[in-house]
Amino acid sequence: MSITQPRGFRAAGVPAGLKSTGARDVALVINDGPRDVAAAVFTANRVQAAPVLWSRQAVADGRARAVVLNSGGANACTGPEGFADTHRTAEHTADVLDVSAQDVLVCSTGLIGVRLDLDALLPGVDAAAAELAPGDQADEAAARAIMTTDTVPKTAATETASGARVAGIAKGAGMLAPQLATMLVVLTTDADVDAETADAALREATRTSFDRVDSDACMSTNDTVILLASGASGVVPEVEELTEALRTVSADLARQLVADAEGASHDIHVVVTSATTEHAALAVAREIARSNLVKAAVFGNDPNWGRIVAAAGCVPETLAPFEVTDLSVTVNGVEVCRAGGAHRDRDEVDMTPRETLIEVDLGAGEATADIWTNDLTHDYVEENSAYSS
């Protein structure tokens, strides 16, 4: 069980005909309360889909009762008509659930530039509402309904020391780049918290989880991470406790996103240490993670540390100061570069495991940051040249 493991939640996922495959494509997640606290973070892309624009407005008061999600269409770059479609979806969902439209958040994912088929979507909302329930089957149905190029549904759950539950579902397998990733995520908790606490905890949790996955440096128009808090447990955790639980679930889901990245054969964990600041460490880690040369080398099982060093050197000195002669690189436990030059024989590195660990020591300070990414494969190019639904 995941999204409905926290008390006070029901979920559903149904096929509505938005996908040509006939797979599930409409999901509902409902907060039955007694609290209706909500928080959300969204894409930093300047081109934002209609559901993002709607949900930003709707969650501004820190409240929400329901989230309606669809795959099979992003409803992005669809103009005023697309926003009207989102508004109509929220109003229809509100009528079905007997709540206010302003308490309904909307998420969409799929092809950009095409309006949604409301003649399919709205009856899909009706069907999903009729199937709302807690439990494993409902959780999986909802998780599957938001999948696009994902190959598996993504769920996670945990519990705070004080007994509050936190859970979530996510979708995403490509365009994973901050801020957030190309993802839709709904997190739930039965903790009794106010909107300010929920917002602070969510933002800190996503900062070091979803914002640290970067599959292909491509930022989506629809990225949304929503937190709903029902208060049904009666547990009032400290903000740090809630943050850590949210971070645990978010990191689990983020890791699942990378593991399911389109066409990937390696998951790459880039860890940068001994930087002057966390910001500097993150800048270097992201530059390495976004290097097509590094990613292609990992695909070829080649621990090519020269490409790693070259990527690190692309970061401006003003952003990440370090001396080349202080830099070292370790790949899967073998220090292949020390003091900016060759060290151990790179043939000692075993590149066959699915997970590749790249550790870069800048020798400039005490700060650390990490990024998860994946290799660049023939299958990635094939999948993204063929994808259109």
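What counts and how
- Residues numbered from 1 in each chain as written.
- Predicted model: local features only at pLDDT ≥ 70, side-chain atom pairs only at ≥ 80, totals over all residues.
- Heavy atoms only, no water.
- Helix = DSSP H or I, 4+ residues; strand = E, 2+ residues; numbered from the N terminus.
- Rg over C-alpha atoms; globule rule 2.2 N^0.38 Å.
- Buried < 20%, exposed > 50% of the residue type's maximum accessible area, 1.4 Å probe, protein only.
- Phe/Tyr/Trp six-rings, centres within 6.5 Å; stacked < 30°, edge-to-face > 60°.
- Pairing = 2+ DSSP bridges.
- Axes fitted to C-alpha atoms, helices over the stretch in contact; angles between N-to-C directions.
- Parallel < 35°, antiparallel > 145°, perpendicular 65-115°, else oblique.
- Left-handed = near helix turned anticlockwise from the far one by under 90°.
- Contact = heavy atoms within 4.5 Å.
- Nonpolar A, V, L, I, M, F, W, Y, C, P; charged D, E, K, R; others polar.
- Salt bridge = Lys/Arg side-chain N within 4 Å of Asp/Glu carboxyl O.

Engineer: Help me understand the overall build of the chain, please; the structure alone is not making it clear to me.
Structural biologist: Each helix and strand in the chain was counted, giving ten helices and 15 strands. Taken over the C-alpha trace, the chain has a radius of gyration of 21 Å; the compact-globule value for 389 residues is 21 Å, and the two agree within 12%. Over its C-alpha atoms, taken along the principal directions, the chain stretches across nearly 65 × 45 × 35 Å. A total of 389 residues make up the chain; the buried ones form 55% of that total.

Engineer: Sorry if this is basic, but what is going on with the packing of aromatic side chains here?
Structural biologist: The geometry of an aromatic ring pair comes down to the distance between the two centres and the angle between the two planes. By the definition in use, this model includes one aromatic pair. The interplanar angle of 55 degrees and the centroid separation of 6.2 Å between the aromatic rings of W54 and F83 together place this pair among those described as tilted. Within this pair, whereas W54 is found in helix α1 (residues 50-58), its partner F83 is found in helix α2 (residues 79-97), the two being separated by 29 residues in sequence. Using a relative accessible area of 24% as the deciding quantity, one classes F83 as partly exposed.

Engineer: Which parts of the structure should I look at to understand the pairing of strand β8 (residues 184-189)?
Structural biologist: A regular strand places its side chains so that they alternate between the two faces of the sheet. Burial analysis of β8 places six of its six residues in the buried class, the great majority of the element. What you see with β8 is no split at all: L184, V186 and T188 on one side and V185, L187 and T189 on the other are buried throughout. Relative to β8, strand β7 (residues 165-171) is paired through six bridges, and the arrangement is antiparallel. Its bridge partner lying in β8, G168 is registered against L187.

Engineer: Help me understand the packing of α2 against helix α3 (residues 118-130), please; the structure alone is not making it clear to me.
Structural biologist: In a pair of packed helices, the angle between the axes and the distance between the axes together describe the arrangement. Direction vectors running N to C along α2 and α3 enclose 25 degrees, while the axes themselves pass 10 Å from each other. By the criterion of interaxial angle, the relationship of α2 to α3 is roughly parallel. Note on packing geometry: the crossing formed by α2 with α3 is right-handed. Counted together, D85, R88, T89, H92, T93, V96 and L97 of α2 and L118, L121, L122, V125, D126 and A129 of α3 form the full contact between these two elements. Each residue belonging to the contact of α2 with α3 can be placed in one class, and the counts come to seven nonpolar, three polar and three charged.

Engineer: In this structure, what is going on with the pattern of salt bridges? I would like to understand it.
Structural biologist: Here the idea is simple: oppositely charged side chains can pair when their charged atoms come close. Taken as a whole and assessed by the stated rule, the structure comprises 24 salt bridges. The salt bridge involving D214 is made with R290; its shortest N-O contact spans 2.6 Å. Of the two residues, D214 sits in the loop between α5 (195-207) and β9 (224-229) while R290 sits in the loop between α7 (278-289) and α8 (292-299), which places them 76 residues apart along the sequence. Its relative accessible area of 0% is what places D214 among the buried residues. Of the charged contacts in the structure, one is a salt bridge between R247 and E244, with a shortest N-O distance of 3.2 Å. With R247 and E244 both in helix α6 (residues 239-259) and three residues apart, this pair spans about one turn of that helix. Exposure remark for E244: the relative accessible area of 41% places this residue in the partly exposed category.

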